[in-house]
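One letter stands for each residue in the lines below.
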Amino acid sequence: MSLTPHGFPLLLTFDLDCETMWTARDPEAHKRPILMSQGAYGWKVGVWRVMDVLRRYGLRSTFFVPGQVVEAHPEVIEALLKDGHEIAHHSHTHRWIVTLTPEEELEEMEKAQAAIIKATGEAPRGWRSPAAEVTPYTMDLIKQFGFGYSSNFFDDDSPYLLRIRDEVSDVVELPFRYINTDSPYFQFSKILPGRTITSPPQVLDTWSWELDTLHAEDRLMVLACHPEFIGQPSGAILLDRFIQHALTKPRIWIDRCDRVAEALRPALQAKLGAAA
Ligand SMILES: [Zn+2]
């Protein structure tokens, strides 16, 4: 039986990192205009093409956006909101959490929170780490900032309630894995040694096999993409064809993370109660 009344949840999520993808790695990156332009592709071209694909099917998604990007591109945020998408927290500068002091971590949370509230009129409901890392303090902040969900961990194919300092919280974890992200296949740069570009049809096969299995097992699927990669011409065709494949499945529910997390929480809490 499905965990939600709406069927199998498929979450198409997008991390709109733009230039922070590079400045987070190296604060001096802003002195390298061609490197920075690989990030600018996200807000100039990629995000608009992703929006076009989603609009074609009337779908709503979640965009995790660093506070700096929210502040720099109000026109993008406005367009995303107009199409009914969710803007979620993805740090302020995208700096890697394990390199930060607790004070800096708090500042990252606060600044992006303020930027999102200013741009959308609402506090973000979910959080995704800028580089797939957390500290024990991050977990406290997830609770302190009142997030309803987190989409960070790689340890399950089903949603669960996040444990924070050994206590089960009401924060719904929407886990994913690198195989269901776009960067390992498409993030090519001369400063990232060893990367190659994968053929999009191969990735379509991979994601479709993932979906077929997860759907058959009645779990959930979180696809985590970046408009800088999936928003390229062949990436948009890949996204479109993956959506077409997903729509052939019975009881498929493609929606924003906040709505899916709200729908999942009662079932997860009941499951926990039954196991106690
Ligand atoms: Zn990111």
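Residues numbered from 1 in each chain as written. Predicted model: local features only at pLDDT ≥ 70, side-chain atom pairs only at ≥ 80, totals over all residues. Heavy atoms only, no water.

Student: What is the right way to look at the overall build of the chain in this model?
Tutor: For the chain, the count of helices and strands is eleven helices and nine strands. Over its C-alpha atoms the chain spans a radius of gyration of 18 Å, differing by no more than 12% from the 19 Å that the globule rule assigns to 276 residues. Across its three principal directions, the C-alpha atoms of the chain cover 55 × 45 × 40 Å. Put simply, the chain has 276 residues, and 54% of those count as buried. Carbon and sulfur atoms make up 55% of the accessible area of the chain, which amounts to about 12,400 Å² in all. Within the chain, one finds 28 positive and 38 negative side-chain charges whose respective centroids are separated by 4 Å. (Helix = DSSP H or I, 4+ residues; strand = E, 2+ residues; numbered from the N terminus. Rg over C-alpha atoms; globule rule 2.2 N^0.38 Å. Buried < 20%, exposed > 50% of the residue type's maximum accessible area, 1.4 Å probe, protein only. Areas by Shrake-Rupley, 256 points an atom, 1.4 Å probe, with all protein chains shown as cover. Lys, Arg positive; Asp, Glu negative; His and termini not counted. Charge placed at Lys NZ, Arg CZ, Asp CG, Glu CD.)

Student: How should I be thinking about the pattern of salt bridges in this particular structure?
Tutor: Opposite charge on two side chains permits them to pair, given that their charged atoms come into close proximity. As enumerated under the stated definition, the model contains 19 salt bridges in all. In this structure, the salt-bridge partner of aspartate 240 is arginine 56, at a minimum N-O distance of 2.5 Å. Of this pair, aspartate 240 sits in helix α10 (residues 233-246) while arginine 56 sits in helix α2 (residues 33-56), and the two are 184 residues apart along the sequence. For arginine 56, a relative accessible area of 54% puts it in the exposed group. Put simply, glutamate 210 and arginine 177 hold a salt bridge, and the shortest N to O gap is 2.6 Å. Of this pair, glutamate 210 sits in helix α8 (residues 200-216) while arginine 177 sits in the loop between β7 (167-173) and α7 (183-186); the two residues are 33 residues apart in sequence, bridging distant segments of the chain. A relative accessible area of 15% means that glutamate 210 is categorised as buried. One network of salt bridges, with partners in common, ties together Glu122, Arg125, Arg256 and Asp258. (Salt bridge = Lys/Arg side-chain N within 4 Å of Asp/Glu carboxyl O.)

Student: What am I meant to see in empty space enclosed by the protein here?
Tutor: Picture a little ball the size of a water molecule; that probe, rolled over the atoms, points out where space is still empty. Under the counting rule described, the total for this entry stands at two cavities of 30 Å³ or more. By volume, the largest cavity amounts to about 70 Å³. Surrounding the largest cavity, His89, Ser91, Ile97, Leu100, Glu105, Glu108, Met109, Trp127, Pro130, Thr138 and Leu141 form its lining. Elements supplying a minimum of two residues to the lining of the largest cavity: α5 (102-120) and α6 (136-144). Considering every element that reaches the lining of the largest cavity, the biggest residue donor is α5, with three residues. Here the residues of the lining of the largest cavity are counted per class, giving six nonpolar, three polar and two charged. Within this model, the second largest cavity holds a volume of roughly 40 Å³. In terms of lining, the second largest cavity is formed by Asp156, Asp157, Pro175, Phe176, Arg177, Asn180, Leu214, Leu220, Met221 and Val222. Of the residues belonging to the lining of the second largest cavity, the class tally is six nonpolar, one polar and three charged. (1 Å grid on protein atoms, 1.4 Å probe; cavity = no way out; pocket = protein on both sides within 12 Å on 5 of 7 lines; lining within 4 Å. Points joined across faces, edges and corners; volume = space filled by probe spheres on them. Nonpolar A, V, L, I, M, F, W, Y, C, P; charged D, E, K, R; others polar.)

Student: Even after reading the chapter, I still don't get unusual backbone geometry, so can you show me in this structure?
Tutor: Residues apart from glycine generally show negative phi values, whereas peptide bonds are mostly found in trans. A positive phi is found at serine 91, a non-glycine position, where the angle reads about 70°. As for its placement among the helices and strands, serine 91 is situated in the loop between β3 (86-89) and α5. Here aspartate 166, not a glycine, exhibits a phi torsion of approximately 70°, which is positive. On the secondary structure map, aspartate 166 appears in the loop between β6 (160-164) and β7.

Student: What is the right way to read the coordination of the zinc ion from this model?
Tutor: Each pair of donors in an ideal four-coordinate tetrahedral metal site encloses 109.5 degrees, whereas pairs in an ideal six-coordinate octahedral site enclose 90 or 180 degrees. At this site the zinc ion is bound by Asp17 (OD), Asp17 (OD), His90 (NE2) and His94 (NE2), with donor distances of 2.1 to 2.4 Å. Here the zinc ion binds four donor atoms, and the angle range of 55 to 138° at the metal identifies the geometry as irregular. Here the donor residues of the zinc ion are spaced in sequence according to D-x72-H-x3-H. An identical accessibility class is assigned to histidine 90 and histidine 94; each is buried. (Donors = N, O, S within 2.8 Å, 3.2 Å for Na, K, Ca; no water. Tetrahedral: all angles 85-135°; square planar, octahedral: opposite > 155°, others 65-115°.)

Student: Quick question: what am I supposed to make of α6 here?
Tutor: Each α-helix turn comprises 3.6 residues. Residues three or four places apart therefore point the same way. For α6, every residue scored as buried is listed here: Thr138, Met139, Leu141 and Ile142. Viewed end-on, α6 has its buried residues packed into an arc of 160°, placing them on one side of the element. Exposed and oriented more than 90 degrees from the buried face of α6 are Pro136 and Gln144. Buried residues in α6 make contact with α5, β4 (126-127), β6 and β7. Just downstream of α6, glycine 146 is the residue with a positive phi angle, here 70°. (Arc of directions from axis to C-beta. Contact = heavy atoms within 4.5 Å.)

Geometric values such as these leave the question of function open.
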